[in-house]
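Given next are the chains, with one letter for each unit.
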Amino acid sequence: IPDSMPFDQACIIPDAVSTPWAAICESGKVEAGQAAGVWGIGGLGVHAIQLLRMIGAAPVIAVDPLEAARERALARGADVALDPTAPDFAKQLREANGGRGLDVAFDLAGFEGIPEQAIDVLAPSGRLVITGISGKPITIADNVTFVGAQRQVLGHYGYLPKHVPQLVRLVAQGRLDLAGSISDHLPLEQAPEAVRRLEEK
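Residues numbered from 1 in each chain as written. Predicted model: local features only at pLDDT ≥ 70, side-chain atom pairs only at ≥ 80, totals over all residues. Heavy atoms only, no water.

(A) Region of the structure containing the overall build of the chain. Broken down by element type, the chain carries 9 helices and 6 strands. Against the compact-globule benchmark of 17 Å for 201 residues, the chain has a radius of gyration of 17 Å, which places it among compact chains. By residue count, 43% of the 201 residues in the chain fall in the buried class. In the chain, the proportion of contacts linking residues at least 24 apart, taken out of those at least 6 apart, comes to 65%. (Helix = DSSP H or I, 4+ residues; strand = E, 2+ residues; numbered from the N terminus. Rg over C-alpha atoms; globule rule 2.2 N^0.38 Å. Buried < 20%, exposed > 50% of the residue type's maximum accessible area, 1.4 Å probe, protein only. Contact = heavy atoms within 4.5 Å.)

(B) Fine view of the packing of aromatic side chains. As enumerated under the stated definition, the model contains 1 aromatic pair in all. Ring geometry for Trp-39 versus Phe-89: centroids 6.1 Å apart, planes at 70°, classification edge-to-face. Of the two residues, Trp-39 is situated in strand β1 (residues 36-39) and Phe-89 in helix α5 (residues 89-96); the sequence distance between them amounts to 50 residues. You'll find Trp-39 and Phe-89 in the same group, each marked buried. (Phe/Tyr/Trp six-rings, centres within 6.5 Å; stacked < 30°, edge-to-face > 60°.)

(C) Up close: the nonpolar core. Within the largest apolar cluster, 33 residues are counted, with the highest numbers of intra-cluster contacts made by Ile-41, Ile-49, Leu-52, Phe-106, Leu-167 and Leu-176. Going through the elements one at a time, α2 (13-27), β1, α3 (43-55), β2 (60-63), α4 (67-75), β4 (102-107) and α8 (163-172) are the ones with two or more residues in this core. (Core = buried A, V, L, I, M, F, W, Y, C linked by side-chain atoms within 4.5 Å.)

(D) Representation of the sheet that holds β1 in the model. Read across the sheet, 6 strands follow the order β3-β2-β1-β4-β5-β6 without closing on themselves; strand pairing throughout is parallel. Each edge of the open sheet carries a strand with a single partner, namely β3 (80-82) and β6 (152-155). Mean inter-strand twist for the sheet, computed between neighbouring axes without regard to direction, equals 20°. The pairing of β4 with strand β5 (residues 122-130) spans 5 bridges and is classified as parallel. When the sheet's bridge partners are listed, Asp-107 is paired in β5 with Ile-130. Strands in contact with α5 are β1, β2, β3 and β4; relative to β3, the strand with the most contacts, it is inclined by about 175°. (Pairing = 2+ DSSP bridges. Axes fitted to C-alpha atoms, helices over the stretch in contact; angles between N-to-C directions.)

(E) Looking closely at the side chain of Arg-76. With respect to the secondary-structure elements, Arg-76 resides in the loop between α4 and β3. Buried and without a salt bridge, Arg-76 has Asp-177 as its closest oppositely charged side chain, separated by 8.1 Å. Among the polar contacts listed, one links the side chain of Arg-76 to the side chain of Gln-50, at a separation of 2.7 Å. In contact with Arg-76, other than residues within four places in its own chain, are Val-46, His-47, Ile-49, Gln-50, Gly-180 and Ser-181. (Lys, Arg positive; Asp, Glu negative; His and termini not counted. Salt bridge = Lys/Arg side-chain N within 4 Å of Asp/Glu carboxyl O. Polar contact = N/O pair within 3.5 Å; in protein donor to acceptor, adjacent residues only side chain to side chain.)

In structure tokens, the structure reads:
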């Protein structure tokens, strides 16, 4: 890493940033101007929002039941942040994209029910990229519509070696700012406190 890059930002590039980056570039093949949705605005999702905005996805729609997570997504560049438990969620999402569905949806949370909800709001030829792992079956309720619209469901895991130096360069050139992901610095003897904070969100 370059001398100008803080270690705290460099250390989160592997996995927390590189996994959503690979999901966007390799599996999702997102292009500028495509509508993208991100389910789960945690450590992976918040970076996915930044990365999607950086490459020109539009609109970028964050989906999370927690209000704090939705606010975080908006602060990081989401155009819209929606609550998936809202009774009119699908209508809200389509309205945010001029009546269309999503070109690409990312499940970065891994909770049961997300794939089905995301499939339901895909545009024709839309694709769902699943990174979050629930261990539960995925059901395609209407395979006639799914096949007719040429939708896809793709699994994604991890990242390739090339993605880390790509991201290092993007941060070093000021194209990607990870400073907002650093909430605190704790000495090693306070590791239990760090874990407690993670558990309590």
